[in-house]
2 protein chains.
Amino acid sequence: MSRAYRPDETRRRILEAAYGVIHRHGFQAAGLNDILALTGVTKGAMYHHFPGKTALGYAVVDELVKSYLEDWWLAPLDAEGEDDPLAAIARTIQDNMTDRVPAIHLLGCPLNNLAQEMSPLDGGFRQRIEELYRAWRRRLSRALTRGQHSGSVNAAADTDEAATLIVAAIQGAFGQAKSAQSMAPFHDCMAGLNRYLMGLRP
Amino acid sequence: MSRAYRPDETRRRILEAAYGVIHRHGFQAAGLNDILALTGVTKGAMYHHFPGKTALGYAVVDELVKSYLEDWWLAPLDAEGEDDPLAAIARTIQDNMTDRVPAIHLLGCPLNNLAQEMSPLDGGFRQRIEELYRAWRRRLSRALTRGQHSGSVNAAADTDEAATLIVAAIQGAFGQAKSAQSMAPFHDCMAGLNRYLMGLRP
DNA sequence: CACGTGACATACCGGGGAGTATGAAATCAC
DNA sequence: GTGATTTCATACTCCCCGGTATGTCACGTG
C-alpha cells in the first residue's frame, strides 16, 4: 500500500478547500469546520500545517491566488513573440471571460473579493493583496511600454495610467456582474475597455 | 426638559452607527454590540426598531447608501442646465475625489464593499445593490444620451457600454486605492478614465 | 386621571466559532 | 530495532454573537 502520511498532499488539499470556501463566503465567514469537512482531514492536521486561520488565509493568497493571477491574467501578456500588447490584453480578457463564466458572475474575482473584505481589516492581507495588484499593474505597464517600442502602442500614452485603468475596469466589471448575477455588465464593460484600448493605438 | 422618547431620532442614530461600522468592518463582521456601544442605545431599542441584523443591513442600504449615492454621484449629473455630461462626469469624480479622501483610500466605497461581500451570500442584499448599480448606469447612460442630442457626445457612442465602464472604473479605482492605502491608483485611474471620456467627444 | 400602547432597558440563552490538549500512528535517524 | 520526530485524530474548552424574554417607563387618548 502507499504511504499513509502525505504531508504536502494534505497541506495542498487544505489550501485548495480553503480557497474554495473563502471564494464563496469570504474569509471571515469561511468556517474552519466547513473547510475541513470538505477535505476530510481533521482539525489536528490543519493546525499542524498552519498556525491558525489567518496564516491559512495568507497561504491561500501567497500560493493559490498569486498563482491563478499569474496563469490567467499575467503570463498571457508575455506570450512568446508578443509585440502587440493591446491585442494580447484583449485576447486575455476574452479568454478569461469565456473560460470561467460561472465563477465570474456567481462568485466574482477572488483577488477583488479578498481585497474589498480584508484590506482595511488586516495589514497582512492588505500587503499581500497590494503586492498582487502592483504586480498586475507593472506587468501591464511593461507590456504596453514594449508595445510603444515596437510601434503598436501610441508613444504618447501614459502606460502606468492605462494599466491602472485596465485593472480597475476588470475588477469593476467583476463586481457588477456578480451583483447582477449576469455576464451582461461584464460584456458591456469589456466592450468599452476594448474601445479604450483602440484609442491607445498610434 | 425635552422628551425622553424620540423614536425616529433613535432609529436614525442606530442606522448611522450601523452604516459606519459596516463601512469599516463589513456586514458580517459588524457586531451589533459594537454598533450599540457606539450609539449608547441598548439592544432592546434596536430590536424594537429592526427585526434583526439583516433587516438593519437592508435599511442601511435602502436609506443611507442609496441616499449617499444619489447625492454624491447621481444628482450632480443632472445639474441645472447641464448639457455636457462628459464634463459633468469628470467634475463629479473630481469633487468626490477631493472631498472624501480618507473614506476612499481607507475604507473604500460602501456600495462596492457591500456588493463584493454580500451579493453572493444574500439575495436581499444582492437585489438592493443591483438596483443601485442599475440606477447608476441608467442615470449615466441617460445623461450621455442627452449629450448626444445636444451635440456634446459622439452620436455613434454606445451609452450603455460607456456607463458600465465608467461605473466599473470608479469601483475598481476604489478597490485599488483601498489596498494601496493611497490615493495614487485612484488618481491614475481617473486620469485614464478622463482620457476615455475625451474619446467620446464628437 | 386611568388605561393602553409604544419605546426603550436588562438579563439571559443557545449555538457556532476558533483554538487547544492530548494521544496514537507512521516515518525517520542511527 | 529503537528512540525521536513528524503527521494526523479526538475530544474537549472558551468566548463571542445574534437573538429572546421580560420588565419598566413615557406618552397619547378617552
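In this text the structure is predicted, and so the values were computed from the model without any measurement. (Residues numbered from 1 in each chain as written. Chains lettered and ligands numbered in written order. Predicted model: local features only at pLDDT ≥ 70, side-chain atom pairs only at ≥ 80, totals over all residues. Heavy atoms only, no water.)

Draft legend 1. Structural context of the relation of the copies chain A and chain B. In the superposition of chain A on chain B (RMSD 0.1 Å, axial shift 0.0 Å), the rotation amounts to 180°. The superposition of one copy onto the other is thereby described by a two-fold rotation axis. A share of 100% of interface residues in chain A that are also interface residues in chain B marks the association as one of identical surfaces. (Least-squares fit on C-alpha atoms with pLDDT ≥ 70 in both. Contact = heavy atoms within 4.5 Å.)

Draft legend 2. Looking closely at the protein's contact with DNA strand D. Lining the immediate environment of DNA strand D, one finds 21 residues, of which Y5, T10 and H49 of chain A together with Y5 and Y47 of chain B sit closest. Close to the protein, within 4 Å, the atoms of DNA strand D are drawn from sugar and phosphate at a rate of 64%. Taking Y5 of chain B, its side chain carries an N or O atom lying 2.6 Å from a base oxygen of DNA strand D. Y47 of chain B is positioned such that a nitrogen or oxygen atom in its side chain is 2.8 Å from a phosphate oxygen of DNA strand D. If you list the elements that add at least two residues to the surface near DNA strand D, you get α1 (7-25) and α3 (43-49) of chain A together with α2 (32-39) and α3 (43-49) of chain B. With four residues, α3 of chain A is the single largest residue contributor to the surface near DNA strand D. Residue classes in the surface near DNA strand D are distributed as nine nonpolar, eight polar and four charged. (Near = heavy atom within 4 Å. Polar contact = N/O pair within 3.5 Å; in protein donor to acceptor, adjacent residues only side chain to side chain. Helix = DSSP H or I, 4+ residues; strand = E, 2+ residues; numbered from the N terminus. Nonpolar A, V, L, I, M, F, W, Y, C, P; charged D, E, K, R; others polar.)

Draft legend 3. A look at the interface of chain A and chain B. Every contact between the two is made by 41 residues of chain A and, on the other side, 41 residues of chain B. Of the roughly 3400 Å² buried between chain A and chain B, counting both surfaces, carbon and sulfur atoms make up 55%. On the chain A side of the contact with chain B, Q116, E161 and Q176 of chain A bury the most area, a combined 20% of that side's loss. Here chain A and chain B share two salt bridges between them. Taking the shortest distance from any N to any O, the salt bridge between E161 of chain B and R195 of chain A comes out at 2.7 Å. Linking chain A with chain B are 19 residue pairs in polar contact (both at pLDDT 80 or more), by the criterion used here. Elements supplying a minimum of two residues to the side of chain A that touches chain B: α1, α7 (110-118), α8 (123-150), α9 (159-180) and α10 (184-198) of chain A. Of the residues belonging to the side of chain A that touches chain B, the class tally is 18 nonpolar, 14 polar and nine charged. (Buried area = accessible area lost by both parts, 1.4 Å probe. Salt bridge = Lys/Arg side-chain N within 4 Å of Asp/Glu carboxyl O.)

Draft legend 4. Here's a closer look at the environment of A4 of chain A. Position of A4 of chain A among the secondary structure elements: in the segment before α1. Judged by its relative accessible area of 66%, A4 of chain A is exposed. (Buried < 20%, exposed > 50% of the residue type's maximum accessible area, 1.4 Å probe, protein only.)

Draft legend 5. The side chain of S119 of chain B, seen in detail. Within the secondary structure, S119 of chain B is located in the loop between α7 (110-118) and α8 (123-150). The exposure class of S119 of chain B is buried, given its relative accessible area of 3%. When sequence neighbours within four positions are dropped, the list of residues in contact with S119 of chain B reads K178 and S179 of chain A together with L114, R126 and I129 of chain B.

Draft legend 6. Summary view of unusual backbone geometry. Unlike most non-glycine residues, Q181 of chain A shows phi in positive territory, near 50°. For Q181 of chain A, a relative accessible area of 41% corresponds to the partly exposed category.

Draft legend 7. Main features of the nonpolar core. The biggest cluster of nonpolar side chains holds 127 residues, and the ones touching the most others in it are W136 of chain A together with W136 of chain B. Setting aside anything within four residues of it in sequence, one finds W136 of chain B in contact with L69, W73, L74, L111, V167, I170 and Q171 of chain B. (Core = buried A, V, L, I, M, F, W, Y, C linked by side-chain atoms within 4.5 Å.)

Draft legend 8. Spatial organisation of helix α4 (residues 53-74) of chain A. Where α4 of chain A bends most, the angle comes to about 30°, and this point is V61 of chain A. Of the positions making up α4 of chain A, those classed as buried are L56, G57, Y58, A59, V60, V61, L64, V65, L69, W73 and L74 of chain A. (Bend = angle between axes of the 7 residues up to and from the residue.)

Draft legend 9. Here's a closer look at the protein's contact with DNA strand C. The environment of DNA strand C is formed by 22 residues, the closest being Y5, L32 and Y47 of chain A together with T42 and H49 of chain B. Of all atoms in DNA strand C that approach within 4 Å of the protein, 59% are sugar or phosphate atoms. With respect to DNA strand C, the side chain of K43 of chain A contributes an N or O atom lying 3.1 Å from a base oxygen. When residues of the surface near DNA strand C are traced back to their parent elements, those giving at least two are α2 (32-39) and α3 of chain A together with α1 (7-25) and α3 of chain B. Per-element tally for the surface near DNA strand C: the top contributor is α3 of chain B, with five residues. The class makeup of the residues in the surface near DNA strand C is nine nonpolar, eight polar and five charged.

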